[in-house]
Amino acid sequence: MAKQIIFSIVLLITVLFSLDSTAQNSKKKNTSSNYSNGSDFYINTGVGVNTKGIPFYFGLDYNGVHPDISIGGNFGIHSFKHRHHGYRAWNLSFNGNYHFNRILNIPNNFDFYAGLNVGLYNYNDRKDYPIDNWSHVRIGAQIGGRWFITDKFGLNLQFGGGTQYSGGNFGVTFRL
């Protein structure tokens, strides 16, 4: 299951990245935001930190709301199996972040942000004990940053609480 999800994410990113490169000549650069560098959309994907197993996440951020504010959404899945016991958890959350680049005069190849998220979290125990199967709406906070190695590709690191990645997550960002 995890291999299929990773393959699907890589395929989606490849398609979106190729569509963006064909439209690059007709795209007008927007320099109103210090961290946007001409793009309004970011795709984020990677792995999370959890005490058991490795969660995977995929997200999309939009920074066209305000020069210093972005909104976005994330989907994450986490599966863990140990001998005859295991569980599967997933989440769908929405976030808003304030980007400190302009007020802190941070260069364009870095992005430092903090914000809040709200989402639906689902947990299923594979032994099907009714008490161990639940869904909740949770609110969390995050703080993170991105380092753009090239104009279109970067690394991201985020810490936060209230989500299935309570410790944080690490991955890559593609600027569209």
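Everything below is about the structure shown above.
Residues numbered from 1 in each chain as written. Predicted model: local features only at pLDDT ≥ 70, side-chain atom pairs only at ≥ 80, totals over all residues. Heavy atoms only, no water.

J.: Hey, could you go over the environment of isoleucine 139 for me, with residue numbers and the actual values?
T.: One can find isoleucine 139 in strand β6 (residues 134–148). For isoleucine 139, a relative accessible area of 66% corresponds to the exposed category. Considered as a pair, isoleucine 139 and serine 93 are 46 residues apart in the sequence and their alpha carbons are 9.1 Å apart. (Helix = DSSP H or I, 4+ residues; strand = E, 2+ residues; numbered from the N terminus. Buried < 20%, exposed > 50% of the residue type's maximum accessible area, 1.4 Å probe, protein only.)

J.: Outline a nonpolar patch on the surface, listing residues and values.
T.: Taken together, Val47, Ile54, Ile103, Leu104, Phe112, Ile143, Leu157, Phe159 and Phe170 make up a surface patch of nonpolar side chains, about 810 Å² in accessible area. Going through the elements one at a time, α2 (101–104) and β7 (153–161) are the ones with two or more residues in the nonpolar patch. Inspection of the secondary structure puts leucine 157 in strand β7. (Patch = residues over 30% accessible without salt bridge, like charges linked within 9 Å, V, L, I, M, F, W, Y side chains within 5 Å. Areas by Shrake-Rupley, 256 points an atom, 1.4 Å probe, with all protein chains shown as cover. Salt bridge = Lys/Arg side-chain N within 4 Å of Asp/Glu carboxyl O.)

J.: Tell me about the packing of aromatic side chains, residues and numbers included.
T.: Scanning the model with the defined rule gives five aromatic pairs in all. A ring pair is formed by phenylalanine 41 and tyrosine 62, whose centres lie 5.0 Å apart and whose planes are at 40°; its orientation type is tilted. Of the two residues, phenylalanine 41 is situated in strand β1 (residues 41–49) and tyrosine 62 in strand β2 (residues 56–66); the sequence distance between them amounts to 21 residues. Phenylalanine 41 sits in the partly exposed class, given a relative accessible area of 36%. Judged by centre distance (5.3 Å) and plane angle (40°), the ring pair of phenylalanine 100 and phenylalanine 112 falls under tilted. Here phenylalanine 100 is found in the loop between β4 (85–99) and α2, whereas its partner phenylalanine 112 is found in strand β5 (residues 110–125), with 12 residues between them in sequence. Taken together through their ring pairs, the aromatic side chains of Tyr98, Phe100 and Phe112 make up a single cluster. The ring of tyrosine 121 has arginine 138 lying over it, and the distance from NZ or CZ to the ring centre is 6.0 Å. (Phe/Tyr/Trp six-rings, centres within 6.5 Å; stacked < 30°, edge-to-face > 60°. Lys NZ or Arg CZ within 6 Å of the ring centre and 35° of its normal.)

J.: Go over the pattern of salt bridges, please, and point to the residues and values.
T.: One side chain can pair with another of opposite charge once the charged atoms of both are near each other. Applying the stated criterion to the full structure yields four salt bridges. Residues arginine 102 and aspartate 68 are paired through a salt bridge, measuring 2.4 Å at the closest nitrogen-oxygen approach. In this pair, arginine 102 is assigned in helix α2 and aspartate 68 in the loop between β2 and β3 (69–82), connecting sequence segments 34 residues apart. Given the relative accessible area of 47%, arginine 102 is considered partly exposed. Salt-bridge contacts for aspartate 111 lead to arginine 146; the nearest nitrogen and oxygen are separated by 2.7 Å.

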